[in-house]
Amino acid sequence: MGELGNSIQFLSGVGPKRADLIKRELGLETLNDLIHFFPFRYIDRSGIQMIGELTPDLAYCQIKARVLTRTLYGPSASIVSQETNPIHWGAVKRLSVMVEDESGRIELVFFKGIKWSFSRLTPGSTFIFFGKPQEFNGRLNIPHPEIDAPQEGTMAQNTLTGVYPSTEKLKNGGVTGKQMCRLQSAALALCLPEIQETLPEYIIRDKGLVSLQYALKNVHFPKDSYALQKSVHRLKFEELFFLQLSLLKQKYIRSRGEKGIPMPKVGPEFNACYNALPYSLTGAQQRVIKEIRADLISGHQMNRLLQGDVGSGKTMVAVLSALLAIGNGYQACIMAPTEVLAQQHFANISRYLSPTGVKCALLTGSSTQKERREIHAGLEDGSIGLIVGTHALIEDDVRFKALGLAVIDEQHRFGVDQRAKLWAKGPNGLPPHVLVMTATPIPRTLAMTLYGDLDVSVIDEMPPGRKPVQTICIGQNRRNAMYRFLRDEIARGRQVFVVYPLIFESEKIDLQNLQNGYEEIVNAFPLPDYKVALVHGQQKAEEKNFNMSAFAAGRANILVSTTVIEVGVDVPNASVMVIESAQRFGLSQLHQLRGRVGRGAEKSYCILVKDVKTTKEAQQRLDLMCATEDGFEIAEEDMKMRGPGDLEGTQQSGLPINLRIASLAKDGLLLNEARAYAQSVLDADPSLTEPQNRLLITELRKDKYVAKDYSNIS
Ligand code: ADP
Ligand code: MG
């Protein structure tokens, strides 16, 4: 590499200190990094607005105005100087500048860079100011506008100016938006001739893309909006295409390379269970079982993700899949993330299995030594066909005669290495087929990316006869009314969940909140008429199980808990889910919690109790919860709404994939197109060894597109 590999530090205006800041804040080191750091939006700076027409809802404004007065304020708004007095800069906290055009006046406010702005903005002079108008005490002002002399004209040449992701620290360190534009301009001047095309010519032609050089130039400094659109399109397509190409290639290698246990038969066990089902499978369940069966007979190892909203009937799919393995002479296991869930699965599954004659066992951390010995023996001699359990299942002393299928429920609680441990338990060195089930609704585009190398099945249909859950959001002032409602529900024999948030900062405070809440509930619902159970993460396993089971068995009317009940617990008689401080929860968590009710025949309710301090964004989440029950819709919205995180302008913060320009939330269609195209390229040349695909291999080797550890996505 020539210039491209050089450090940003050598650009004029940077130096070691700023280079270090840019590296820390943005992760950019070389000029190549820099020119691949893109604006997240563009501002059309061709127009000048009139002060009289400004409103606080404008995202930004540009005015041409004359400076009238400058006022310096100290702490507590005392005036330090109004032009005439000598200035004590140490005491100055704020600069206020009044400017005017023909249509009116507006105040500009500065809290930083005061001395510099003060000296520049001499009364009587005219500037172009650019910034965001905001309302303060009923009047408009513009905090920290950018200042340009009217004749400077840097902005006039490029009517579209890129706005780059930035941080407070960058701005304080002098790396402003304008500075970033200057750096990009200098870097491009040095590097552009060195930029090599990354896509083969036939793809560029096929897809009607602009060249990489053109795209890089115009994404930073668009000639016009058409050039910008073509450039952004090219860069996004390239990014998504390589991401999908890399995932699909991995998937291809796996499906060819990883030999699996062939399971051609549908045995009598499957049929016995199927024929005894108290209901008919939904269309989605049937489809998914067909997909799984096709994997099992393929001779390759199955690696399938099963996505289905809470209550969509994944357990049945797991059981029928297990029975397919058993019908071919193998064993199956179903792993759950918690003991309570494992117990529940065991109880349900034993019922489903009773017509089949298959022996089922439960193994958890609290199984006794004697039970363990029996189970270990049963697994080794093959007399236990299906084992349900927790992490205990992957311990080294658990050996199977012939483990053919492993089902992992609620995948996000299991790490990748734990999955690997399971793989090693297959017979004759062959890995068992793996089915991972998750109820965490994630948007399709995200699934396609995070799990792009797995096969994905979706249950997108609920079993018939489910009653919708009515969701309402209330303030603290309606707490007593809520208690009256809960008493009515309890009087009708129903049960109630009350959930408190975990606020991580301090377990002690969290626990205190929970204790306070518990005491308040106990006061409002006193013995002997009411029984209230308490469950939280700090309890010992026995205590937790005891309280949980008391509620599950109907011995307690109310369960007060932290989010430990989030995953999978099934208490069909519970008809109300109360979520305290609901504004603190994320959408997917709220959705998971709500999924705990609405499982019985009765009408169910979810009550979101919000605190006074509820932000606009939080209120949006709560409104969405009241408006829809569709997990996928919620997940899509969640992705759109999710705040920008630490870095202004990045939509993807928090995700394990590093997309520079495309957005999984916004570019779903392009993602589909890129994936289909990558698939067609691989279909034509699976190993990418044809000469026209040489560039693709080079680019894939750079290894920057691969999604890394996705095990803790939730
Ligand atoms: P999840 O996908 O959340 O694991 P479950 O497997 O626990 O859902 O199923 C939720 C409830 O729906 C269970 O009580 C189950 O018996 C019931 N169920 C599953 N499939 C059907 C179906 N096809 N028709 C009617 N009820 C069903
Ligand atoms: Mg489940």
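Since this is a predicted model, take the numbers as computed values, not measurements.

Enquirer: Explain the site of ligand 1 to me, please; I cannot follow it from the model alone.
Expert: Around ligand 1 lies a shell of 16 residues, among which Ser280, Gln285, Gly311, Lys314 and Thr315 are the nearest. Within the backbone of serine 280, an N or O atom sits 3.0 Å from a nitrogen atom of ligand 1. Residue threonine 282 places a main-chain N or O atom 3.5 Å away from a nitrogen atom belonging to ligand 1. When the free accessible area of ligand 1 is taken as 570 Å², the share hidden by the protein chains comes to 79%. Cavity membership is defined here by more than half of the atoms lying within 2 Å of grid points; on that basis ligand 1 lies in the second largest pocket. Taken together, the residues that form the shell around ligand 1 break down as six nonpolar, seven polar and three charged.

Enquirer: Sorry if this is basic, but what is going on with the layout of surface pockets here?
Expert: Unoccupied space between atoms shows up once a probe the size of one water molecule is rolled over them. In this structure, the second largest pocket spans a volume of roughly 980 Å³. Around the second largest pocket, the lining comprises 34 residues; the ones closest to its centre are Thr315, Tyr352, Arg466, Asp570 and Arg599. When contributions to the lining of the second largest pocket are tallied by element, the ones reaching two or more residues are helix H12 (314-327) and helix H13 (339-353). Here the lining of the second largest pocket takes seven residues from H13, the largest share from any one element. Of the residues belonging to the lining of the second largest pocket, the class tally is twelve nonpolar, 14 polar and eight charged.

Enquirer: Even after reading the chapter, I still don't get the side chain of serine 581, so can you show me in this structure?
Expert: Residue position: serine 581 is located in the loop between strand E22 (574-579) and helix H20 (587-594). A polar contact is formed between the side chain of serine 581 and the side chain of aspartate 611, at a distance of 3.2 Å. With residues up to four places along the chain from it excluded, the contact list for serine 581 reads Pro501, Val609 and Asp611.

Enquirer: What should I look at first to understand the pattern of salt bridges in this one?
Expert: Side chains that carry opposite charge are capable of pairing whenever their charged atoms lie near each other. Under the counting rule described, the total for this entry stands at 18 salt bridges. Two residues, glutamate 100 and arginine 66, come together in a salt bridge whose shortest N-O distance is 3.0 Å. Within this pair, whereas glutamate 100 is found in strand E4 (residues 94-101), its partner arginine 66 is found in strand E2 (residues 61-73), the two being separated by 34 residues in sequence. If you follow the salt bridges from partner to partner, you end up with Arg287, Glu291, Asp295, Arg304 and Asp460 in one network.

Enquirer: So what exactly am I meant to see when it comes to the confidence of the model for the protein chain here?
Expert: As a general rule, the predicted coordinates of low-pLDDT regions are not to be interpreted in detail. Within the protein chain, residue pLDDT values average 86, and 89% of them lie at 70 or more. Put simply, helix H4 (residues 154-157) is where the protein chain has its lowest mean pLDDT, 47, and strand E13 (residues 360-363) is where it has its highest, 97. A low-confidence stretch, residues 643-655 (pLDDT under 50), is modelled with 26 contacts involving residues beyond four sequence positions or located in other chains. Scored below 50 in pLDDT, residues 705-714 makes 34 contacts in the model with residues more than four places away or belonging to other chains.

Enquirer: Looking at this model, I keep getting lost on the packing of H20 against helix H21 (residues 616-627). Mind explaining?
Expert: Between two packed helices, both the angle of their axes relative to each other and the distance between the axes serve to describe the pair. Between H20 and H21, the shortest axis-to-axis distance is 10 Å and the interhelical angle comes to 35°. Crossing handedness for the pair H20 and H21: right-handed. Between H20 and H21, the residues in contact are Leu587, Leu590, His591 and Arg594 and Arg621, Leu622, Leu624 and Met625, respectively.

Enquirer: Whenever I open this one, the nonpolar core confuses me. Can you help?
Expert: As a rule of thumb, soluble globular proteins bury nonpolar side chains together. In this structure, Met316, Val319, Leu320, Leu323, Ile349, Leu353 and Leu386 are the most contacted members of the largest nonpolar core, which totals 37 residues. Taken together, the elements giving at least two residues each to this core come down to helix H10 (268-276), helix H11 (283-297), H12, strand E12 (331-335), H13, strand E14 (386-389), strand E15 (403-409) and strand E16 (433-438). Looking at this core element by element, the count peaks at ten residues for H12. Once you skip the residues sitting within four places of it in the chain, leucine 323 turns out to touch Glu269, Phe270, Cys273, Leu353, Thr356 and Val358.

Enquirer: Looking at this structure, how should I read the sheet that holds E16?
Expert: Within a beta sheet, neighbouring strands are joined by backbone hydrogen bonds and run either parallel or antiparallel to one another. Strand order in the open sheet made by the seven strands is E13-E14-E12-E15-E16-E11-E17, with parallel pairing throughout. Among the strands making up the open sheet, the edge pair consists of E13 and strand E17 (455-459). On average, each strand axis in the sheet is tilted by 20° relative to the strand beside it, whichever way the strands run. Relative to E17, strand E11 (residues 303-308) runs parallel, the two sharing five bridges. Across the sheet, residue leucine 306 finds its bridge partner in E17, namely serine 457.

Analysis parameters
Residues numbered from 1 in each chain as written. Chains lettered and ligands numbered in written order. Predicted model: local features only at pLDDT ≥ 70, side-chain atom pairs only at ≥ 80, totals over all residues. Heavy atoms only, no water. Near = heavy atom within 4 Å. Polar contact = N/O pair within 3.5 Å; in protein donor to acceptor, adjacent residues only side chain to side chain. Areas by Shrake-Rupley, 256 points an atom, 1.4 Å probe, with all protein chains shown as cover. 1 Å grid on protein atoms, 1.4 Å probe; cavity = no way out; pocket = protein on both sides within 12 Å on 5 of 7 lines; lining within 4 Å. Sits in = over half its atoms within 2 Å of the grid points. Nonpolar A, V, L, I, M, F, W, Y, C, P; charged D, E, K, R; others polar. Points joined across faces, edges and corners; volume = space filled by probe spheres on them. Helix = DSSP H or I, 4+ residues; strand = E, 2+ residues; numbered from the N terminus. Contact = heavy atoms within 4.5 Å. Salt bridge = Lys/Arg side-chain N within 4 Å of Asp/Glu carboxyl O. pLDDT = per-residue confidence, 0-100. Axes fitted to C-alpha atoms, helices over the stretch in contact; angles between N-to-C directions. Left-handed = near helix turned anticlockwise from the far one by under 90°. Core = buried A, V, L, I, M, F, W, Y, C linked by side-chain atoms within 4.5 Å. Buried < 20%, exposed > 50% of the residue type's maximum accessible area, 1.4 Å probe, protein only. Pairing = 2+ DSSP bridges.

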